[in-house]
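# Remarks on the overall topology
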Amino acid sequence: MTNTTAKSVSNLPADDEMYRALCDRNQQYEGVFFVGVRTTGVFCRPTCPARKPNRENVDFYGSTRDALSAGFRPCKKCRPLEVPGTNPEWLRRLISQLESDSNRRWTDTDLRQLDIEPARVRRWFSLHHGITFHGYLRSRRLAQAMGQIQIGKQATQAAMDSGFESLSGFNAAFRKWSGITPARSKSYGSPIAVNRVLTPLGPMVAAVVDDKLCLLEFADRRMLESQFKRLSSIFKRPFANLDHRLIQQTGEQLDEYFAGQRQVFELPVALDGSEFQRAVWNDLLSIPYGKTTSYERLAQRIGKPGAQRAVGRANGHNRLAIVVPCHRVIRSNGELSGYGGQVWRKKWLLDHEQKELV
């Protein structure tokens, strides 16, 4: 094991900043650095719940590979080799049960029989999906019922097959969820499928409508709820927590990007916005991997010189993080400026791309 302070890449934050983040268990630094503890021989995430080591006993690394190469072994408490947001074991058991019987109406007693505390389930689903556990189950059942109605099944039968005990209760839940009656849903498309995608920089939320990716945002972004409302209004569809092959494909291509094996994404996307917004978003797609441009130059390229402020706003309303690379736009003086996914992620993404080009 090395005994030298190990900044393996020059773009890490200052040592004092990283040590403060470690002591505060600051989630904003997840994926930015890892901590090797000389007295125990393990390396940890910044958010590790273990007792904090003294400053002189830690080294900082830019990747798990660097920490392993220095002779440290992964911590058993914070599991730094797992992608942030990976489902814990107790949740994997529950998800397996959900998939085997998607129409089951779960109670707190059912959860306790699996040795899972209901409050723990509620907290996890509220944090990672933005809805309650029962809301998550209800949206899946309603999406299933909508699909059955759209292929010709009567609403009463679809309600019963989806686990609803009364037609009136089903109609009320369906209207609250979708904004329309079950009968009217026959002329509408499928709901917007939404699910999580795990990345080294934290979980992202991906959504698909009509077999096109319409949303890819970091799960902790403050504007996420308003993005959901905006997309539901644009496409006149409700959201449902569903699996979709394009969400899986998005996750696979993101894995390749973070591994340095992909520079261009090959995904069908829905760029729905004003004419000006679409012009900005399409121009973002032309910025080469590992390169940057300024808001001013981007405004000039789309034929709107002097509109850099409006370009910045359109950049901020981009709903497809990383895939539509708004992180490659910086200020004319080289400053990173704002980023919906937080500036530290913007810096990480730019450093990652430039490092892979070397």
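Let me sum up the structure you'll find in this document. Everything numeric here is computed off the predicted structure, so don't read it as measured data. (Residues numbered from 1 in each chain as written. Predicted model: local features only at pLDDT ≥ 70, side-chain atom pairs only at ≥ 80, totals over all residues. Heavy atoms only, no water.)

### Some thoughts on the packing of helix 11 (residues 275–284) against helix 13 (residues 308–316)
Our working definition: Here, axes are lines fitted to C-alpha atoms. For helices the fit covers the stretch in contact, and angles between N-to-C directions go from 0 to 180 degrees. Starting at the N terminus, helices and strands are each numbered in turn, a helix being any DSSP run of H or I of at least four residues and a strand any DSSP run of E of at least two. Roughly parallel here means an angle under 35 degrees, roughly antiparallel means over 145, roughly perpendicular means 65 to 115, and every remaining angle is called oblique. Any pair of residues with heavy atoms lying within 4.5 Å of one another is described as a contacting pair. Residue polarity follows a fixed list, in which Ala, Val, Leu, Ile, Met, Phe, Trp, Tyr, Cys and Pro are nonpolar, Asp, Glu, Lys and Arg are charged, and the others, Gly among them, are polar.
Here helix 11 crosses helix 13 at 75°, and the two axes come no closer than 9 Å. Classified by the interaxial angle, the pair formed by helix 11 and helix 13 is roughly perpendicular. On helix 13, the residues that touch Phe276, Gln277, Val280, Trp281 and Leu284 of helix 11 are Ala310, Val311, Ala314 and Asn315. Its residues assigned to classes, the contact of helix 11 with helix 13 comprises seven nonpolar, two polar and no charged.

### Re helix 9 (residues 224–235)
Defined as follows: Multiply 1.5 Å by the residue count of a helix minus one, and that product is the helix's expected span.
If you check helix 9, its first and last C-alpha atoms are 17 Å apart, about what twelve residues at 1.5 Å a residue would give, namely 16 Å. Looking at the packing, one finds that the buried side of helix 9 touches strand 5 (192–197), strand 6 (204–209), strand 7 (212–218) and strand 8 (239–241). Lysine 236, located one to two residues past helix 9, shows a positive phi value of around 55°.

### Remarks on the pattern of salt bridges
Quick note on the threshold: In the sections that follow, a salt bridge refers to a side-chain nitrogen of Lys or Arg positioned within 4 Å of a carboxyl oxygen of Asp or Glu. Each residue's exposure class comes from its accessible area (1.4 Å probe, protein chains only) as a fraction of the maximum for that residue type: buried when under 20%, exposed when over 50%, partly exposed otherwise.
Scanning the model with the defined rule gives 13 salt bridges in all. Residues aspartate 15 and arginine 55 are paired through a salt bridge, measuring 3.4 Å at the closest nitrogen-oxygen approach. Of this pair, aspartate 15 sits in helix 1 (residues 15–24) while arginine 55 sits in the loop between strand 2 (42–44) and strand 3 (58–61), and the two are 40 residues apart along the sequence. Note on arginine 55: relative accessible area 26%, which makes it partly exposed. Two residues, aspartate 108 and arginine 122, come together in a salt bridge whose shortest N-O distance is 3.9 Å. Of this pair, aspartate 108 sits in helix 4 (residues 108–113) while arginine 122 sits in helix 5 (residues 118–129); the two residues are 14 residues apart in sequence, bridging distant segments of the chain. You can call aspartate 108 partly exposed: its relative accessible area is 29%. According to the relative accessible area criterion, arginine 122 is partly exposed, its value standing at 42%.

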